[in-house]
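In case you want the letters, here they are:
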Amino acid sequence: MRIAIFPGSFDPFTVGHADIVRRALPLFDSIVIGVGVNAQKKALFSAEERVEAIRKVFRDEPKVKVRTYSTLTVDFAKEENATFMLRGVRSTTDFEYEKAFAEANKQLSGIETVLLFTAPEYEYISSSLVRDLYSYGKDITPYLPK
Ligand code: ADP
């Protein structure tokens, strides 16, 4: 079984995140979306709201599971029997960050990171942009999966 985790804050889960998961589906038998819960990081949406929303997006996709975790990401991967970690890359900034994490995670547990490039139309979308718009009462539905 090829199992991958897709870890993130997903505060909220955007069309960019959904696109990465959909495009990675042919690569894996199962993808576990891990909603990271960090007590130090103040989230706009609760972990339950984030999980609920993501489950709705993939309700017809049996290969996708959604869970929360509050441990180190590599330990979450072990719990899920995952040997791959899926991440998305939008820019060179993302690339440098992901490169460092992939190397560290590989050293820690042998996990292999698989990176997919963002579709150009989603490149500018980030959870923080969506949170900003939301806090000013703007319509955020164009950035969220249906
Ligand atoms: P984190 O806090 O771990 O960076 P995020 O929820 O911001 O978590 O992102 C999770 C993953 O999704 C990261 O690999 C990030 O680069 C990727 N990602 C974020 N936004 C997009 C997007 N618009 N298109 C593709 N990938 C994205």
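The structure under discussion appears in the preceding block.
Report follows, based on the coordinates. Sequence order as written defines the numbering, with residues in each chain counted from 1. Owing to the predicted nature of the model, reporting of local features is limited to residues with pLDDT of at least 70; listing and counting of side-chain atom pairs is limited to 80 or more, with chain, interface and lining totals taken over all residues. The basis for every side-chain value is the complete set of heavy atoms in the structure, and neither hydrogens nor water enter the calculation.

1. Thoughts on the environment of Lys78
Rules: For the purposes of this entry, the term helix denotes a DSSP run of H or I that reaches at least four residues, the term strand denotes a run of E that reaches at least two, and both are numbered from the N terminus. Burial classes follow relative accessibility: with a 1.4 Å probe on protein chains only, a residue under 20% of its type's maximum area counts as buried, one over 50% as exposed, and anything between as partly exposed.
With respect to the helices, strands and loops of the structure, Lys78 is situated in helix 3 (residues 73-79). With relative accessibility at 52%, the residue Lys78 sits in the exposed group. Taking the C-alpha atoms as reference, Lys78 lies 16 Å from Val114; in sequence the two are 36 residues apart.

2. Examining the site of the ligand
In plain terms, the rule: The nearness test applies per residue and asks whether one of its heavy atoms lies within 4 Å of the molecule or strand. N or O atoms closer than or at 3.5 Å make up a polar contact, with two conditions inside protein: a donor-capable atom paired with an acceptor-capable one, and, for residues adjacent in sequence, both atoms drawn from side chains. Method for areas: the Shrake-Rupley scheme with a 1.4 Å probe, in which residue coverage is limited to the protein chains shown. Here a cavity is any set of points on a 1 Å grid over the protein atoms alone where a 1.4 Å probe fits but cannot get out, and a pocket is any open set with protein on both sides within 12 Å along at least 5 of 7 lines; a residue lines the site when it has an atom within 4 Å of a point. Throughout, a molecule is located in a cavity or pocket provided that more than half of its atoms lie within 2 Å of its grid points.
Taken together, 17 residues are adjacent to the ligand, and Ser9, Phe10, Gly88, Tyr122 and Ile125 come closest. Contact between the ligand and Ile125: a nitrogen atom at 2.9 Å from a main-chain N or O atom of the residue. Out of a free accessible area of 550 Å², the ligand has 87% covered by protein chains. Put simply, the ligand lies in the largest pocket.

3. Description of the packing of aromatic side chains
Applicable threshold: The pairing test for Phe, Tyr and Trp rings, Trp by its six-membered ring, is centres within 6.5 Å, and the orientation test on the planes gives stacked under 30 degrees, edge-to-face over 60, and tilted for anything in between.
One pass over the structure, following the stated rule, counts 7 aromatic pairs. Ring centres of Phe45 and Tyr134 lie 5.3 Å apart, and the angle between their planes is 55°; this geometry places the pair in the tilted category. Highlighted residues: Phe45 in the loop between strand 2 (30-36) and helix 2 (47-57) and Tyr134 in helix 5 (residues 127-135), separated in sequence by 89 residues. Their ring planes at 40° and their centres at 4.9 Å tell us that Tyr97 and Phe101 sit as a pair that is tilted. Separated by 4 residues within a single helix, Tyr97 and Phe101 lie in helix 4 (residues 92-109), roughly one turn from each other. Here Tyr97 falls in the partly exposed class, since its relative accessible area comes to 45%. One aromatic cluster in this structure is built from Phe6, Phe10, Phe13 and Phe58.

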